[in-house]
Amino acid sequence: EISFGSHLEYLPGVISFTQELQRYAVRQAGQGDMASLQVCRRLVDSVNQELLLCDFKNGPLRVKYDSLKYTVRTLEDTIFELSLQDGVSVDDDDDDDGVKGEGQVDPLKLMINREEFEEMRSTMEKADEEREKVIKACRDMQKASKNSIFDLHRGDFERCETQLQTVVSGCAELAAVLEGAPALRSAGSFSGVMEE
């Protein structure tokens, strides 16, 4: 079994692969090779179908995914333009389940490991849940920090001390949670609380 790293490393590579397929397909289209163009389009469509199920938050992975839409569009436009030429036939018999005709299996549909993509989606959903928890906890601690400053200015030292103790204990708990998630630690919310 080969390890491909995290989904944050693997998915951009998969998307870049589809862009390379697009370049190859356009070259093949220039030579009139409709079969290669169709194979590339079906593979890119399969990847796109899997990635459509992901909930990408704003960030580099979302931007990278957005480029896949242009890859799909370019391949579809290229196939359409070739279909307008005389003597070029377009064979467009795709099924979403990977089965063609009388029990024949489309190997391109089977090249996409759906379980692997499902696992990555699950990992991303868990990471998003953790991120949301961290952001909420940081927001609460930042509010308590600001309130302690206001209490200090008002001369309410007892309440100021209570607020600060809450922030210190909350930051200690959060730092322990973030020990295993360096991306969340440096994302901005935690550093903002520490600054405050």
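Residues numbered from 1 in each chain as written. Predicted model: local features only at pLDDT ≥ 70, side-chain atom pairs only at ≥ 80, totals over all residues. Heavy atoms only, no water.

Novice: I'm lost on the environment of glutamate 81 in this one. Help?
Specialist: Along the polypeptide, glutamate 81 turns up in helix α3 (residues 60-83). C-alpha of glutamate 81 to C-alpha of alanine 29: the two residues are 52 residues apart in sequence and 9.6 Å apart in space. (Helix = DSSP H or I, 4+ residues; strand = E, 2+ residues; numbered from the N terminus.)

Novice: Whenever I open this one, the pattern of salt bridges confuses me. Can you help?
Specialist: Pairing is possible between side chains of opposite charge, provided their charged atoms come close. Overall, the coordinates contain 13 salt bridges when judged by the stated rule. Taking the shortest distance from any N to any O, the salt bridge between arginine 41 and aspartate 45 comes out at 2.8 Å. On the criterion of helical spacing, the pair formed by arginine 41 and aspartate 45 is a turn pair, its members being 4 residues apart in helix α2 (residues 34-52). The class for arginine 41 is buried, based on a relative accessible area of 9%. Salt bridges sharing common partners tie together Glu50, Arg114, Glu118 and Arg121. (Salt bridge = Lys/Arg side-chain N within 4 Å of Asp/Glu carboxyl O. Buried < 20%, exposed > 50% of the residue type's maximum accessible area, 1.4 Å probe, protein only.)

Novice: Hey, could you run me through the nonpolar core in this one?
Specialist: A general trend in soluble globular proteins is that nonpolar side chains are found buried together. Counting 27 residues, the largest nonpolar core has Leu11, Leu37, Leu51, Phe56, Leu68 and Phe117 as the members making the most contacts within it. Of all the secondary structure elements, the ones that give two or more residues to this core are α1 (7-30), α2, α3 and α5 (114-154). Val134, Ala144, Cys171 and Leu178 belong to the second-largest nonpolar core, a separate cluster that totals 12 residues. (Core = buried A, V, L, I, M, F, W, Y, C linked by side-chain atoms within 4.5 Å.)

Novice: Where do I start with the confidence of the model for the chain in this structure?
Specialist: One rule of thumb: low pLDDT means the predicted coordinates there are not for detailed reading. Per-residue confidence for the chain gives a mean pLDDT of 81, with 82% of residues at or over 70. Within the model, the stretch residues 94-100 combines pLDDT values under 50 with 14 contacts to residues more than four positions away or in other chains. (pLDDT = per-residue confidence, 0-100. Contact = heavy atoms within 4.5 Å.)

Novice: Before we go on, may I ask you to explain the environment of threonine 71 in this structure?
Specialist: Checked against the element boundaries, threonine 71 lands in helix α3. Judged by relative accessible area, threonine 71 falls into the buried class, the value being 1%. In the structure, threonine 71 is positioned 53 residues away from threonine 18 in sequence and 7.2 Å away in space, judged by C-alpha atoms. Beyond its immediate chain neighbours, meaning those up to four positions away, threonine 71 contacts Thr18, Gln19, Gln22 and Val44.

Novice: What's the story with the packing of α2 against α3 in this structure? I'm lost.
Specialist: Geometrically, a packed helix pair is captured by the angle between its two axes and the distance between the axes. Close contact between α2 and α3 brings their axes to 10 Å; oriented N to C, the two are set at 150°. Here α2 lies roughly antiparallel to α3, going by the angle between them. In this structure, the crossing between α2 and α3 has a hand that is left-handed. For the pair α2 and α3, contact is made by Met34, Leu37, Gln38, Cys40, Arg41, Val44, Asp45, Val47, Asn48, Leu51 and Leu52 and by Tyr65, Leu68, Thr71, Val72, Leu75, Glu76, Thr78, Ile79, Leu82 and Ser83, respectively. (Axes fitted to C-alpha atoms, helices over the stretch in contact; angles between N-to-C directions. Parallel < 35°, antiparallel > 145°, perpendicular 65-115°, else oblique. Left-handed = near helix turned anticlockwise from the far one by under 90°.)

Novice: Explain α3 to me, please; I cannot follow it from the model alone.
Specialist: A turn of α-helix holds 3.6 residues, and therefore any two residues three or four places apart point the same way. Across its 24 residues, α3 extends 36 Å between first and last C-alpha, which sits within 8% of the 34 Å expected from 1.5 Å per residue. Against α1, α2 and α5 lie the buried residues of α3. (Expected span 1.5 Å × (residues − 1).)

Novice: In this structure, what is going on with the environment of lysine 136? I would like to understand it.
Specialist: Residue position: lysine 136 is located in helix α5. Taking the C-alpha atoms as reference points, lysine 136 and serine 189, 53 residues apart in sequence, are found 9.0 Å from one another. Within the structure, the side chain of lysine 136 is placed 2.9 Å from the side chain of aspartate 140, a separation counted as a polar contact. (Polar contact = N/O pair within 3.5 Å; in protein donor to acceptor, adjacent residues only side chain to side chain.)

Novice: Just checking my understanding: could you explain the state of the cysteines for this structure?
Specialist: Two cysteines joined by a covalent bond between their sulfur atoms form a disulfide. One pass over the full model with this rule turns up 0 disulfides. This cysteine, cysteine 171, is not joined by any disulfide, and cysteine 138 carries the nearest cysteine sulfur, 7.3 Å off. (Disulfide = S-S within 2.5 Å.)

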